[in-house]
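Coordinate inspection notes
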Amino acid sequence: MVEDDAPTLDQGVERLSLTGRFSLTARILIVNLLPLLFLGGGLFYIDSYRTQLLDERFKLARIEAQIAAEALAGVTRERQEALLVQIGKEQRMRMRMFDSEGLLWADSFALDEDGPAFEFDDISDDDWNLRFARWLDRAVDTVVSAKPVTDYVEKESDQADDWPELVAAREQGISQITLYDWRDGTPVITAAAPVGLNGATLLTTRNAVDITEAVRAARSTLVIAVLIVLFASFLLSLFLARTIVTPLRLLSKAAVRVRQGREREVEVPRLPERGDEIGLLARAVSDMTGALRHRIDAVDSFAADVAHEIKNPLASLRSAIEALPRVEDEDTRKKLTDIATHDVRRIDRLVTEISDASRIDSEMSRATLERIDLSDLVRAIIGSREDRAENRNREIILKARGFAANVVGVGPRLERVVENLLDNAVSFSPPKAPILVEIENDGECVALTVCDEGPGIPEDAREKVFTRFHSIRPDNEDFGNHSGLGLAIARAIAEAHDGSLVAESRADGQNGACLRLQLPAAV
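Residues numbered from 1 in each chain as written. Predicted model: local features only at pLDDT ≥ 70, side-chain atom pairs only at ≥ 80, totals over all residues. Heavy atoms only, no water.

Remarks on the overall build of the protein
The helix and strand inventory of the protein stands at 13 helices and twelve strands. By residue count, 40% of the 523 residues in the protein fall in the buried class. Long-range contacts, defined here as pairs at least 24 residues apart, represent 69% of the contacts in the protein between residues at least 6 apart. (Helix = DSSP H or I, 4+ residues; strand = E, 2+ residues; numbered from the N terminus. Buried < 20%, exposed > 50% of the residue type's maximum accessible area, 1.4 Å probe, protein only. Contact = heavy atoms within 4.5 Å.)

Below, the structure is given as structure tokens:
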């Protein structure tokens with residue numbers, strides 16, 4: 001039983017019925033990887049978004065430079081200065097004109113009486129939000145392996161040769177676009193274009209703060225989305241943890257009670273509605289507990305049976321030994337000595353059989369299985385018994401039908417089973433009555449049947465003959481010659497080979513009993 005304050009099996013199943021349909025591994029991976037996948041995908045998306053914005057701005061800067069150069073060509077210098085100021089103010093960019101000698105002769109910032117159209121940010125007085133934004137920009141660039149961009153430095157010289165884009169535009173006769181990076185992380189785009197045919201050039205400079213603001217806004221949206229996903233993941237993880245912790249607590253409490261042995265019938269929850277690893281664990285622990293209880297019960301019963309069986313010959317031996325000093329009659333002393341000797345032999349036989357029975361499971365778990373022809377094994381055992389005169393003038397007839405009777409098992413143990421079955425048949429068979437041993441193989445199962453012509457076994461007692469220390473023996477057999485463990489050991493060995501051993505009546509209707517051993521046929 002589970003403690004009153006612990007969740008019951010029904011309550012646990014009701015709460016967790018929807019959680020056992022998928023593997024815990026799959027659920028944990030999905031819940032924990034989802035935010036990371038979302039964040040990683042968002043980072044690459046934002047970097048792609050930034051690249052697209054820059055590409056569009058490059059195209060715009062090229063078009064603006066070309067249009068401005070065409071507008072400036074062929075007009076008076078006074079008109080050129082007015083256009084530089086007007087276009088620079090409207091487009092929020094700096095426009096500079098260089099003559100054919102490469103000297104600066106007009107600057108929209110210097111010509112505009114209202115001041116520059118824009119100013120670069122002085123990062124020295126930025127607050128923590130902007131500093132964090134710049135740090136995050138650098139971190140993202142590192143993650144996505146963004147190509148490094150040259151820092152923008154305002155040239156103090158008035159020479160066009162100090163600007164590579166101007167040199168390229170003058171030499172190639174086409175507009176040139178260059179990307180720089182200002183100290184605050186915003187892009188600076190310069191465009192150089194030839195003006196007319198006299199070698200003059202135009203240089204436009206734009207601080208594309210709006211691109212950085214758009215990227216940072218998108219990143220903020222992503223961060224908010226990731227935080228939401230993380231929060232949802234946190235809740236799902238708690239829920240998932242609960243689906244794991246609750247049944248594990250049920251199992252652990254039941255396991256502790258089983259270990260402490262405080263309650264004999266502790267019910268280990270099997271969680272039948274769960275098809276995941278927790279359900280498999282619950283059923284495995286439940287089955288293991290049942291097997292453990294069965295083994296403990298078997299050991300307790302076996303110990304009680306051993307104590308009971310040894311107690312009788314020990315009591316008889318004690319009485320004989322205690323009586324010997326007080327008896328002077330030689331015949332009586334000889335009888336007491338014979339009784340003591342018989343009891344010692346009986347105790348020795350019991351101890352040997354008990355030791356053998358207790359070692360079956362451990363020996364079978366360590367033994368090496370081999371392919372055995374059951375017909376050859378039985379034939380050899382029958383011949384050996386004839387040589388030792390253990391069949392007591394009973395004829396043993398062996399009949400084999402079907403395929404070769406090959407099984408996989410431990411030879412000495414299977415030999416012990418056959419010996420026990422033949423010993424039992426010889427004990428109950430009338431003198432000179434034949435014992436029939438039949439071996440059949442249907443391709444899946446090898447069956448060995450040993451039939452005698454004795455009194456037979458009543459149907460309601462056919463399971464009792466496999467009980468340890470079963471004491472019903474033939475009337476003409478001396479008391480104590482058998483331990484009552486022979487058939488119990490034989491069945492234990494058969495079951496250890498994934499087989500069975502049962503008692504049946506004779507199929508031909510004659511008096512007698514049949515013991516049928518079935519083992520899986522070797523593939």
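Re the sheet that holds strand β3 (residues 176-181)
Pairing is antiparallel in the open sheet, where five strands are placed in the order β2-β1-β5-β4-β3. Looking at the sheet topology across the chains shown, the edges are occupied by β2 (104-107) and β3. Each strand axis lies, on average, 20° off the axis of its neighbour in the sheet, ignoring direction. As judged from the three bridges shared by strand β1 (residues 94-98) and β2, these two strands associate in the antiparallel manner. Across the sheet, Phe98 pairs through a bridge with Leu104, a residue of β2. (Pairing = 2+ DSSP bridges. Axes fitted to C-alpha atoms, helices over the stretch in contact; angles between N-to-C directions.)

Quick word on the environment of Ile321
For Ile321, the location among the structural elements is in helix α8 (residues 277-323). We classify Ile321 as partly exposed; its relative accessible area is 47%. Considering only alpha carbons, one finds Ile321 and Ile339, 18 residues apart in sequence, at a separation of 9.4 Å.

A closer look at the state of the cysteines
Summed over all chains, the structure comprises one disulfide. The residue that forms a disulfide with Cys451 is Cys514, at a sulfur-sulfur distance of 2.0 Å. Across the S-S bond of Cys451 and Cys514 the torsion is about 115°, and the bridge reads as right-handed. Here Cys514 lies in strand β12 (residues 513-520) and Cys451 lies in strand β10 (residues 445-451), a separation of 63 residues in the sequence. Of the two residues, Cys451 and Cys514, both sit in the buried class. (Disulfide = S-S within 2.5 Å.)

Thoughts on the packing of aromatic side chains
Taken as a whole, this structure holds eight aromatic pairs when the rule is applied. Ring pairing ties together the aromatic residues Phe109, Phe118, Phe120, Tyr152, Trp163, Tyr180 and Trp182, which thus form one cluster. Seen from the ring of Trp163, Lys155 lies directly overhead, with NZ or CZ sitting 4.3 Å from the centre. Lying across the ring of Phe466, Arg491 places its NZ or CZ 4.0 Å from the centre. (Phe/Tyr/Trp six-rings, centres within 6.5 Å; stacked < 30°, edge-to-face > 60°. Lys NZ or Arg CZ within 6 Å of the ring centre and 35° of its normal.)

Here's the deal with the nonpolar core
Generally speaking, a soluble globular protein has its nonpolar side chains buried in company with each other. Counting residues in each nonpolar core, the largest one holds 39 residues, and the members touching the most others are Val378, Leu421, Leu422, Leu448 and Leu517. Mapped by element, the contributors of at least two residues to this core are α9 (330-358), α11 (374-388), α12 (411-428), β9 (435-441), β10, α13 (486-496), β11 (500-505) and β12. The element that contributes the greatest number of residues to this core is α12, accounting for seven residues. In this structure Leu421 touches Leu448, Val450, Leu487, Leu501, Leu515 and Leu517, once residues within four positions along its chain are discounted. If you look at the next biggest cluster of nonpolar residues, it comprises 26 residues, including Met93, Ala193, Leu222 and Val226. (Core = buried A, V, L, I, M, F, W, Y, C linked by side-chain atoms within 4.5 Å.)

Some thoughts on the pairing of β3
Relative to strand β4 (residues 187-195), β3 runs antiparallel, the two being bridged by six bridges. Looking across to β4, one finds that Ile177 is bridged to Ala191. Adjacent in sequence and paired antiparallel, β3 and β4 are bridged by five residues, among which Gly185 carries a positive phi angle near 90°.

Some words on the packing of helix α5 (residues 128-143) against helix α7 (residues 209-260)
Contact geometry for α5 and α7: axes closest at 12 Å, N-to-C directions at 85°. By the angle between their directions, the pair α5 and α7 is classed as roughly perpendicular. Contact residues: Leu130, Ala133, Arg134, Leu136, Asp137 and Val140 in α5; Thr212, Arg216 and Arg219 in α7. Taken together, the residues of the contact of α5 with α7 break down into four nonpolar, one polar and four charged. (Parallel < 35°, antiparallel > 145°, perpendicular 65-115°, else oblique. Nonpolar A, V, L, I, M, F, W, Y, C, P; charged D, E, K, R; others polar.)

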